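Descriptive analysis of the structure
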Amino acid sequence: MRKFLLSLAFSTALATSAAASGTSHEHGGHANMAEGVHATGELHTIGEKSVNVSHDPIPDIGWPAMRMDLPLLEGAQIEGVSEGDKVMIMLEKGADGMYGVRALEKAN
Ligand SMILES: [Cu+2]
C-alpha cells in the first residue's frame, strides 16, 4: 500500500512539472499568434469594442479564472463565435500594454 501511494505521489509530481514546463505553445498554422496567450472560456456578450468572458486560469500571465470585459484589439477576429459559446481566447498586448482579444475561436 505504501509503495502504491508513493508511486501515485511520484506520478502526480511528474504530471505537475510537465504541465508547468509546457508553457511554450506550438502554433502550427498561425505563426502570427507566436506572441499571443491562449485561454479557454465562455463568451457571454459581444460589444462594440469589448467582449465579456469568463476565462479559465491563464498561468502564462498569472491571471486567475474570472469573468471580465476584454477589449477587442484592432482587427480582432471574432467571426464565427456567438454569445454563449465556449471559446478559445487569443490574447495579445495592445498598444497600451494591456491584454486584449486578438481572436476568438469556437472551442469544441
Ligand atoms: Cu480576467
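One can find the structure itself at the top, above this paragraph.
Residues numbered from 1 in each chain as written. Predicted model: local features only at pLDDT ≥ 70, side-chain atom pairs only at ≥ 80, totals over all residues. Heavy atoms only, no water.

The next thing to look at is the overall build of the chain. Scanning the chain from terminus to terminus reveals 1 helix and 5 strands. Across the chain, helices and strands are ordered from the amino to the carboxyl terminus as α-β-β-β-β-β. Here the chain, with 108 residues, has 31% of them falling under the buried criterion. Relative to all contacts within the chain whose residues are 6 or more apart in sequence, the contacts with residues 24 or more apart total 44%. Within the structure as shown, the chain displays about 7200 Å² of accessible surface, and the carbon and sulfur contribution to it stands at 56%. (Helix = DSSP H or I, 4+ residues; strand = E, 2+ residues; numbered from the N terminus. Buried < 20%, exposed > 50% of the residue type's maximum accessible area, 1.4 Å probe, protein only. Contact = heavy atoms within 4.5 Å. Areas by Shrake-Rupley, 256 points an atom, 1.4 Å probe, with all protein chains shown as cover.)

It is worth spelling out the coordination of the copper ion at this point. Within the first shell, the copper ion binds the protein through His55 (NE2), Met66 (SD) and Met68 (SD), at distances of 1.9 to 2.6 Å. The sequence pattern describing where the donors of the copper ion fall on their chain is H-x10-M-x1-M. Here Met66 falls in the partly exposed class, since its relative accessible area comes to 31%. (Donors = N, O, S within 2.8 Å, 3.2 Å for Na, K, Ca; no water.)

In this sheet, strand E3 (residues 66–77) lies alongside strand E2 (residues 50–55) in antiparallel orientation, the contact comprising 6 bridges. Across the sheet, Ser54 pairs through a bridge with Arg67, a residue of E3. Relative to strand E5 (residues 99–106), E3 is paired through 2 bridges, and the arrangement is parallel. Note that in E5 the partner of Gln77 across the bridge is Ala103. (Pairing = 2+ DSSP bridges.)

In space, the 5 strands of this closed barrel follow the order E1-E2-E3-E5-E4, with mixed pairing throughout. Here the average twist between neighbouring strands, direction ignored, is 60°. When strand E1 (residues 37–46) meets E2, the two strands line up antiparallel, connected through 5 bridges. Following the sheet pairing, Thr45 is matched in E2 by Asn52. (Axes fitted to C-alpha atoms, helices over the stretch in contact; angles between N-to-C directions.)

For the rest of this paragraph, the subject is the packing of aromatic side chains. By the definition in use, this model includes 1 aromatic pair. With 5.8 Å between their ring centres and 85° between their planes, Trp63 and Tyr99 make a pair best called edge-to-face. Linking Trp63 in the loop between E2 and E3 with Tyr99 in strand E5, this pair joins segments that are 36 residues apart in sequence. (Phe/Tyr/Trp six-rings, centres within 6.5 Å; stacked < 30°, edge-to-face > 60°.)

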